[in-house]
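Here is how the chains run, residue by residue.
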Amino acid sequence: MSSWESNVRRVEPYVPGEQPKDKNIIKLNTNENPYPPSPKAAEVMKAFETDRMKLYPDPDSTVLVDALAERYGVKPSQVFVGVGSDDVLSMAFMTFFNSDKPVLFPDITYSFYDVWAEVYRIPYKQIPLDENLHINPSDYKTENGGIIFPNPNAPTGVLESVEMIEEIVKANPQSVVIIDEAYIDFGGESCLPLVEKYENLLVVQTFSKSRSMAGMRIGFAIGNEKLIKFMNDVKFSVNSYTMNPVTQLCGAQSVKDEEYFRKTVNMIIDTREKTKKRLSALGFTFPDSMSNFIFASHKTKPAGEIFEELKKRKIFVRYWNKPRINNSLRITVGTPEEMDCLIKALEEITT
Ligand code: PMP
């Protein structure tokens, strides 16, 4: 090994879902929204004065922060925005998880959490979900350096109650509790109102799922002013100009288009509920999902085989060959037409 190599920060990187170049596929593998973003966001994009490219963007992303503050009924000083919620979560790990005690999160959860913990050298402990894939709040009443989990969880889709989350936040005044609500808009109850009551709660959401803007990279956190100030201090110590001006404007317009947001979210919820019934009829079981995906196992056919067979038919879903989840497929809810193709393919594969 060359001498400089011993000083390299070595990490096992997060593996994102495949983004195939072939446009001719049914893409149900990364929980994107099948519908286009708000037409109001698209209009802003078209009207953007390209001369503005020569200037740095607003480092505070004021238009977007203000639009989010209004939509969620908080002060702008309670909102932090970042380049996708991955950026927001990564900043939050760096800002709040600086203890010698372990950060706690479930064993089956978003697979980026352990990667951030490793890259930032944060001790962590993965706590097994119960047999119904739920969180047991008493597991989170031990000494810790922070707590994070998604609600609904990923990749299971299982929703926890706001009461249970409050119990955990209340029991841990010594640490920051981060609730990653990437999928909350698909039928769950947000714990956002709790940020007024608990200064150690940070709620993170994204425009990538319910707002059809995964490619624009917008995520945000809402919490107590003090938490947000600490996050901004870290952000401005790493890179102040994170979000480009087109994204800031498109994001703000999307937030203001409540009607379109509700309409598209409801279409996905409707398709999800119909897909649940059709999958059950084919012999699949799954925890009840409140997200825009279903985490399904077949009663006889192994998930790995179904995954390969679907791929041959140009239908991409997500599969992890990992303990406890290696017999399940995470299937994103697409359009009704995409679900028809999926169900037809699954009929062929499983019967
Ligand atoms: N949290 C969870 C639970 C997710 O599944 C994802 C999507 N990969 C993210 C956060 C990050 O999404 P984004 O960076 O696109 O906002």
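My aim in this report is to walk through the structure given alongside it, one point at a time. All figures in this text were calculated on a predicted structure; none of them were measured in a lab.

Some points on unusual backbone geometry
Then comes step 1: Following asparagine 151, the chain continues to proline 152 via a peptide bond in cis, the omega torsion being -5°.
Then comes step 2: Looking at where proline 152 falls in the secondary structure, it is placed in the loop between strand E5 (146-150) and helix H5 (162-171).
Then comes step 3: Omega for the peptide link from alanine 154 to proline 155 comes to 5°, which places this bond in the cis form.
Then comes step 4: Residue placement: proline 155 occurs in the loop between E5 and H5.
Then comes step 5: Phi at serine 61 is positive, roughly 45°, even though this residue is not glycine.
Then comes step 6: Within the secondary structure layout, serine 61 lies in the loop between helix H1 (39-47) and helix H2 (62-72).

Brief notes about the pairing of strand E13 (residues 329-332)
Then comes step 1: Along E13, one buried face is formed by Leu329 and Ile331 and the opposite face, lined by Arg330 and Thr332, is buried too.
Then comes step 2: Sheet topology note: the strand E10 (residues 293-298)/E13 ladder contains four bridges and is antiparallel. Note on E13: the bridge partner recorded for phenylalanine 293 is threonine 332.
Then comes step 3: Note: strand E12 (residues 318-319) against E13, two bridges, orientation antiparallel. Bridging across to E13, arginine 318 finds its partner in arginine 330.

Some points on the packing of helix H9 (residues 303-312) against helix H10 (residues 336-350)
Then comes step 1: For the pair H9 and H10, the least separation of the axes is 10 Å and the interaxial angle reads 125°. In terms of orientation, H9 and H10 fall into the oblique class. Seen from above, H9 lies across H10 with right-handed handedness. Contacts from Ile306, Glu309 and Leu310 of H9 reach H10 at Leu342, Ala345, Leu346, Ile349 and Thr350.
Then comes step 2: Looking at the contact of H9 with H10 residue by residue, the class counts come to six nonpolar, one polar and one charged.

Procedures and definitions
Residues numbered from 1 in each chain as written. Predicted model: local features only at pLDDT ≥ 70, side-chain atom pairs only at ≥ 80, totals over all residues. Heavy atoms only, no water. Helix = DSSP H or I, 4+ residues; strand = E, 2+ residues; numbered from the N terminus. Buried < 20%, exposed > 50% of the residue type's maximum accessible area, 1.4 Å probe, protein only. Pairing = 2+ DSSP bridges. Axes fitted to C-alpha atoms, helices over the stretch in contact; angles between N-to-C directions. Parallel < 35°, antiparallel > 145°, perpendicular 65-115°, else oblique. Left-handed = near helix turned anticlockwise from the far one by under 90°. Contact = heavy atoms within 4.5 Å. Nonpolar A, V, L, I, M, F, W, Y, C, P; charged D, E, K, R; others polar.

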